[in-house]
Amino acid sequence: MNKKGIQFNEVVSGEFDAQPEVETSADAPKRVLSPQPETPKLHKVLAQSGLGSRLEMEALIAQGRVLVNDQAAHVGQRIQYGDHVKVNGRPLHLRIEAPPPRIIAYHKPTGEIVSHDDPQSRPTVFRKLPRLQQGKWQSVGRLDLNTEGLLLFTNSGELANKLMHPRFGLEREYAVRVLGKLSNIEKAKLLAGVQLEDGEARFGSLEDGGGEGANCWYRVTIQEGRNREVRRMFEAVGHAVSRLIRIRYGKMLLPRGLKRGDWMELDALDTEQLVRSAGLGRVSAKTEPVRKSAVVKSTSPAGNKARAGGAAGNGFIGGESLSRQRKDLKAHAARKKALPRRAKMGG
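Residues numbered from 1 in each chain as written. Predicted model: local features only at pLDDT ≥ 70, side-chain atom pairs only at ≥ 80, totals over all residues. Heavy atoms only, no water.

**Details of unusual backbone geometry**
- Positive phi is not limited to glycine here, since asparagine 69 has a value of about 55°.
- Along the polypeptide, asparagine 69 turns up in the loop between β1 (66-68) and β2 (71-72).
- Given the relative accessible area of 37%, asparagine 69 is considered partly exposed. (Helix = DSSP H or I, 4+ residues; strand = E, 2+ residues; numbered from the N terminus. Buried < 20%, exposed > 50% of the residue type's maximum accessible area, 1.4 Å probe, protein only.)

**A look at the confidence of the model for the protein chain**
- This prediction gives the protein chain a mean pLDDT of 81; 80% of its residues lie at or above 70.
- Contacts for the low-pLDDT stretch residues 22-29, under 50 throughout, to residues beyond four places or in other chains number 14 contacts.
- Low pLDDT, under 50, characterises residues 284-313; the stretch is placed with 59 contacts to residues that sit more than four places away or in other chains. (pLDDT = per-residue confidence, 0-100. Contact = heavy atoms within 4.5 Å.)

**Thoughts on the packing of aromatic side chains**
- The final tally for this structure, using the stated rule, is four aromatic pairs.
- When the centroid spacing of 5.5 Å and the interplanar angle of 45° are considered together, the rings of phenylalanine 203 and phenylalanine 234 count as tilted. Of this pair, phenylalanine 203 sits in the loop between β10 (199-201) and β11 (205-212) while phenylalanine 234 sits in helix α7 (residues 229-236); the two residues are 31 residues apart in sequence, bridging distant segments of the chain.
- Measuring from ring centre to ring centre gives 6.4 Å for tyrosine 218 and phenylalanine 234, while their planes differ by 35°; the resulting arrangement is tilted. (Phe/Tyr/Trp six-rings, centres within 6.5 Å; stacked < 30°, edge-to-face > 60°.)

**Brief notes about the nonpolar core**
- Phe153, Val176, Leu190, Phe203 and Phe234 are the most contacted members of the largest nonpolar core, which totals 32 residues.
- Listing elements by their share of this core, those giving two or more residues are β5 (103-108), β7 (148-154), β8 (172-179), β9 (194-196), β12 (215-222), α7 and β13 (241-249).
- For this core, the element with the highest residue contribution is β12, accounting for four residues.
- Apart from residues no more than four positions distant in its own chain, phenylalanine 234 is found in contact with Val176, Val178, Leu182, Leu190, Phe203, Val220, His239 and Val241.
- With 28 residues, the next largest nonpolar core counts Val11, Leu170, Ala175 and Leu258 among its residues. (Core = buried A, V, L, I, M, F, W, Y, C linked by side-chain atoms within 4.5 Å.)

**A closer look at the pairing of β13**
- Among the nine residues of β13, eight are classified as buried, and the element is accordingly described as predominantly covered.
- By the bridge criterion, two bridges tie β7 to β13 in an arrangement that is parallel. In the sheet register, glycine 149 faces β13, and the bridge partner there is arginine 246.
- In this structure, β8 lies alongside β13, joined through seven bridges in antiparallel fashion. From the neighbouring strand, tyrosine 174 faces β13, where its bridge partner is arginine 246.
- In this structure, β13 lies alongside strand β14 (residues 252-253), joined through two bridges in antiparallel fashion. In the sheet register, tyrosine 249 faces β14, and the bridge partner there is methionine 252. (Pairing = 2+ DSSP bridges.)

**What about the sheet that holds strand β3 (residues 85-87)?**
- The strand order β2-β1-β3-β4 describes an open sheet built from four strands, whose pairing is antiparallel. The open sheet has two edge strands with one neighbour each: β2 and β4 (90-92).
- Bridging between β3 and β4 involves three bridges; their strand directions are antiparallel. Bridge pairing links valine 87 to arginine 90 in β4.

**Let's talk about the pattern of salt bridges**
- This structure, assessed with the given rule, holds 23 salt bridges.
- Residues glutamate 197 and arginine 232 are paired through a salt bridge, measuring 3.3 Å at the closest nitrogen-oxygen approach. Taken as a pair, glutamate 197 in the loop between β9 and β10 and arginine 232 in helix α7 lie far apart in primary sequence, 35 residues in all.
- Connected through shared salt-bridge partners, Glu197, Asp198, Glu224, Arg226, Glu229 and Arg232 make up one network. (Salt bridge = Lys/Arg side-chain N within 4 Å of Asp/Glu carboxyl O.)

Put into structure tokens, the structure is as follows:
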């Protein structure tokens, strides 16, 4: 099955380390978060709840008879999911959709810790992430200081917990380089389960990847993420890990072309797939696309069909997301550039 993202054999062959950097030209996507969809205006929501017309609701607000989070509301004010509204001192239960989760794929390099605070003042992954207007980024699991690869972040605590919880059995796939070749007995132990200080641990799969000299590569999958678990498992059978790279988390692949220390915001299609994989159902149909840069949806039916097939068709997501976003951005820029010429010709 072609997953299209960074593959284990590319890590072993050295292609992974040799992959080109993200474009730095003027045409390259800027690293900005997409804007949040606008939240509804208070007077409109009140009118939709059956209290009166929009003009009557504006008058009610102007008279100071509407409170939002115990503060006097103002005409034109917007409200969002979680706000508490009172009219004439009585709580009003309004149905406002929760905003869709925002998700970032980050290519963590070695030498960074996954923590907001560090007594040793070591570099942290959070310094590289874009700022949120509301809430904060939560990491989906952790990677230790010397581990690199795919790390997910979201502003949804519920989604983060579901993606991490062992009950949902989301596989983590790693490329592991160890000192010395594993014997058949050692492989069997790692698949059957080895005893660690915090309980038994086992790999879901373990495949040879070759190597040079004393360095041997293995592709492993595991369905939980205890502290330094992969390293400790190999150490339990007498082999030290010299390099560890996460190339997949659940359905999410390490995007091809995403350089170390860089991030990419998942677009609406990838977000939908990842949310579903965590058992949270559909993202709201009103969700605007979330993306690495201001990218518009393709108007080509063929493009939309290929895009849907790329994510849902093979069961994995994210592998070609960065490339897709760049193509959409360039197409959008080309259309925008052509608009003045068409207007001039029409005039």
